[in-house]
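This is what each chain is made of:
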Amino acid sequence: MCIAMPYGAHRRVLAGLTAMLLLAAPFGCGQKKAGTTEASVEFAKAEVRTFEISTLSSGELEAKERVELRSGVERQTTIVEIVPEGTRVDAGEVLVRLNSDEIKKDMEEEELQVAEAQLNLEAAQTAYDIQVSDNAADLRKAQLKVDLAKLALDQWESGDKVKQLKQLDTAIEKASRDLDRLNEKKAKSDELYKKKFISYDEWKRDEISLLEAEASYETAKLDKKVYEEYQIKRDGEQKRSDLEEAKQELDRVIKSNDINLKNRDSTRQNRAVLLSRRQERLAEFQKQFEACTIRAPKAGLVVYGSTTQRDDWRSQSEGPIAVGRQIRNNDLIIALPDTSEMVASVKVHESMAGRVRPGQSALITVEAIGGLVLRGHVESIGLLAESGGWRDPNRREYTVRIAVEADTHAERLKPSMRCQAEITLGTVENALSVPVQSVFSDGPVRYVLVPDGARLDRRPVQLGRRSDLFAEISKGLGEGDRVLVREPRAGEVVDKPWDPAQLADAGYTLDEDGKPVAPGFNPAMFQAGMPAGMQAGTPGGGESGRANRGQRGTRPGRGTEAEKSAAPESKPGGNDGQAQEAGPKPAPTEGAAKEAPSKTEPSTDPAGAPAHDQAAPKAGDKPKPGETGRND
C-alpha cells in the first residue's frame, strides 16, 4: 500500500536521504561486491539518533489584527477617489471618497424643511401663549359675573327686599293715620254743617278727602300684599337665576379654555415632533455625507476588499475595487491589516489535527520572499473541520493559526502570501531508527530489506514513532544493521516464508492458519464489532470478499511510513518475542500469481488503525517477480 506523503515532504525526505547516503559512503560507496546487485550507497544503517516528528501544511499569511472599512452610505453610490492598493497610510489620512452629490442635494432640501418647521413651531408656540392669556381673561370675566350675581342676590335679600317692605309698611301707617285724621275731621264737619257754621262746599271737600284717605289706605295695604306675595318671589328667582347662569358660564369658560389650550398645545407638540424628525433626518443626511469620505482609523497597509474577497461572486463579476465602481451599503472597500503582527493560517488534515497543540514550534517558509524561513508557534486550532469543497468533498481539514516571529522582516510580509508551515509535533530522543523509505508493508507485517549475500532478505520489525524522515524501530533490528533505502528490483528479494522466530522477535504472532497477526490485535474482538456478513470466513466478508470482487488482496504492500506519522502515536503491543507454533506453508514458485485465501483476518498496523485496505497474506507470501512490493 502506497501512502502519499504530505505536500512538501518529498523535498525534505530526499534531503535526508542524501545526507544518510553520504554517511553510508565509507561503508562501500563506489565499490562492487561479488554477486551483489547494488552498490552499498543504497543501504543505510540502523542508528540511535534523535529526530523531530513534524508535519508540513500549506496556507497563507494573515494579519493578526486588521480594520475593515465598509461603506456606511445607506444608498448605492460610486467611488470617485481611492488610494492605490498597497499604500501604507497613517491614521486620519483620506482613503476613499464616494459620490455625495445626491446626498448633498437631499441635505440642502432638508435644511429648508427644517427652517420651515422651526418657523411653524414658533408660530404654534406664540398661539399657545396667546391662548393662555385669553383663557385667563375669559376666566376673570366669568368669575366676575358670578361674583356680581352673588352680590346682587345678597343685596336684594339683605337690603332691597327689607327696604321695600319697610316703605310699604310706612305707607300703610301713613294712610291709616290720614284716614283716622280725616274721619275726625269729617265728624266735626258734619256737626258744623248741621249748625250751619260751614258751607256745603267745605263739608263736601272733607267728605272727598275722607274717601281719598280710605282709598290710599286700602292701596297701601294692597301694595304690601302684592309685593309679599308676588314681587318678592319674582325678584328672588331672578337674582338666583342670574347667579346660576353666571356659575354655568364660568364652567363653560373653564372647559372651553381647557379645550382651546389643549388644541394649541397639541399643535405646538406636533410642530415640535415634526421639527425633531426633520432635524434627525438632516443629521442622518449629514452623517451620510460624512460617510462618503473614509479616513484611516489607524496606520496600516491598504488592501482592497475585492482582493480579500476574491472568491466572492461580486468581485468576479464586477471586477476589482476601482474609481467608478458601484458600492452598496456595508460593502467591504478597504482592509487595513496590521502587518507588524502576522499569523500563518494553514490547513491541517483531520488525521493530524489531534496532535497539534497550542505553543508547538513551527517553521514558516514564504516562497514569495525567496523562500524566507521564519519561526513561529501554534496559536490556535479551528474548532470545526472544513470540507475540501467540490474538488474533494470527503477531505476534512482544520485551520491552524501560527503566530509568526517576523523580527526585521515585518515590512516585507504581506497578507495572502502563500506559505508552508512545518509544525514540530514532538521529539524522539535517542531511539534506534532507520530511514522511513526503508520500511515496507506486507499485510499486517512491517519489514525492512537487509543484505543476504547477493540478495535481500525480509526482516520483520515493530515500528514506534515516525517522522517524515525516520521511523523508530522498537523490535526486530539491532544497531548497525544495514537496510535497503530504495525499491527492490525483480529477483532481489529472497523468496521464502516468514521466519516465525523473526516474527516473534518483532512482536508478531501467528493465528491458527499460520498467518501473521499484528502486535496487540485481537481477532475475536475485531470480528465481534463487524457487521454480519462482513466477518472473516463468511461469503463476501473480510478481505477475501474484496478479493472476490476483483480487488488485489494478496500482493504484498510496500509503502513509505512518512504519512503514518499523521496517525496518533501508539506503542505496538502483543507478545514480545513469543510466536505461536505454526508451520509455514510451502512457498510458491517465483513469478506465480498468488490469490488471497477465502478466509482472512483483519490486522492492525503499529499506529493502531485496522489494516483492512488489503488482505493479510499467509506466512511465506512474497512479492512476485517484477513487482516492487508496493500496493499502488
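Quick summary incoming for the structure in this document. (Residues numbered from 1 in each chain as written. Predicted model: local features only at pLDDT ≥ 70, side-chain atom pairs only at ≥ 80, totals over all residues. Heavy atoms only, no water.)

## Concerning the sheet that holds strand 11 (residues 332-337)
The strand order 3-11-9 describes an open sheet built from three strands, whose pairing is antiparallel. Edge positions in the sheet fall to strand 3 (66-70) and strand 9 (303-304), since each has one partner strand and no second. Two strands pair when backbone bridges link them, and strand 9 and strand 11 are joined in this way by two bridges, in the antiparallel orientation. Residue pairing across strands places Val-303 opposite Ala-335, the latter belonging to strand 11. (Pairing = 2+ DSSP bridges. Helix = DSSP H or I, 4+ residues; strand = E, 2+ residues; numbered from the N terminus.)

## What to know about the packing of aromatic side chains
Aromatic ring pairs are described here by two measures, namely the spacing of the ring centres and the angle between the planes. As enumerated under the stated definition, the model contains six aromatic pairs in all. Measuring from ring centre to ring centre gives 5.7 Å for Phe-440 and Tyr-447, while their planes differ by 20°; the resulting arrangement is stacked. A single burial state applies to Phe-440 and to Tyr-447, both of which are buried. Seen from their ring centres, Tyr-447 and Trp-498 are 5.6 Å apart, and the 65° between their planes marks the pair as edge-to-face. Here the residue Tyr-447 occupies a position in strand 19 (residues 445-452), and Trp-498 occupies one in the loop between strand 22 (482-484) and helix 7 (500-505), the gap between them amounting to 51 residues. Since its relative accessible area comes to 2%, Tyr-447 is described here as buried. Look at Trp-498 and you get buried, because its relative accessible area is 3%. One aromatic cluster is present, formed by Tyr-193, Tyr-200 and Trp-203 through successive ring pairs. Over the ring of Tyr-128 we find Arg-268, and its NZ or CZ is 4.0 Å from the ring centre. (Phe/Tyr/Trp six-rings, centres within 6.5 Å; stacked < 30°, edge-to-face > 60°. Buried < 20%, exposed > 50% of the residue type's maximum accessible area, 1.4 Å probe, protein only. Lys NZ or Arg CZ within 6 Å of the ring centre and 35° of its normal.)

## Quick word on the sheet that holds strand 7 (residues 293-295)
Across the sheet, four strands lie side by side as 7-6-4-10; this open sheet has antiparallel pairing. Looking at the sheet topology across the chains shown, the edges are occupied by strand 7 and strand 10 (326-327). Pairing geometry for strand 4 (residues 77-82) and strand 10, over two bridges, is antiparallel. Paired with Thr-78 across the strands is Gln-326, a residue of strand 10.

## Some words on the pairing of strand 17 (residues 418-435)
With respect to burial, strand 17 is a largely interior element, 13 of its 18 residues being buried. Two strands pair when backbone bridges link them, and strand 2 (residues 47-63) and strand 17 are joined in this way by 13 bridges, in the antiparallel orientation. The residue bridging Glu-47 from the neighbouring strand is Ser-433, located in strand 17. Sheet analysis places strand 13 (residues 361-366) next to strand 17, joined by five bridges and oriented antiparallel. Residue pairing across strands places Ala-362 opposite Ile-423, the latter belonging to strand 17. Bridge analysis of strand 17 against strand 21 (residues 470-475) gives three bridges, and the strand direction is antiparallel. When the bridges of strand 21 are listed, Ser-433 appears paired with Glu-472.

## A few points about unusual backbone geometry
One non-glycine residue, Ser-416, adopts positive backbone phi at about 75°. By secondary structure assignment, the location of Ser-416 is in the loop between strand 16 (392-405) and strand 17. With a relative accessible area of 29%, Ser-416 lands in the partly exposed category. Even without glycine at this site, Asn-430 takes up a positive phi of about 45°. Residue position: Asn-430 is located in strand 17. The exposed category is assigned to Asn-430, whose relative accessible area is 60%.

## Considering the side chain of Thr-77
With respect to the element layout, Thr-77 can be found in strand 4. Here Thr-77 falls in the buried class, since its relative accessible area comes to 7%. A distance of 2.9 Å separates a polar atom in the side chain of Thr-77 from the backbone oxygen of Asn-99. Once residues lying within four places of it in the same chain are set aside, the contact partners of Thr-77 are Leu-98, Asn-99, Arg-325, Gln-326 and Ile-327. (Polar contact = N/O pair within 3.5 Å; in protein donor to acceptor, adjacent residues only side chain to side chain. Contact = heavy atoms within 4.5 Å.)

## Some thoughts on the nonpolar core
Within the largest apolar cluster, 31 residues are counted, with the highest numbers of intra-cluster contacts made by Leu-61, Ile-364, Ile-402 and Leu-413. Mapped by element, the contributors of at least two residues to this core are strand 2, strand 12 (342-349), strand 13, strand 14 (372-381), strand 16 and strand 17. Broken down by element, this core gets its largest block of residues, six residues, from strand 17. Residues in contact with Ile-402, not counting those within four places in the same chain, are Met-342, Val-343, Ala-344, Val-346, Ala-362, Ile-364, Gly-376, His-377, Val-378, Glu-379, Ala-421 and Ile-423. Core analysis: the next-biggest nonpolar cluster, separate from the first, contains 21 residues, Ile-82, Leu-98, Cys-292 and Ile-294 among them. (Core = buried A, V, L, I, M, F, W, Y, C linked by side-chain atoms within 4.5 Å.)

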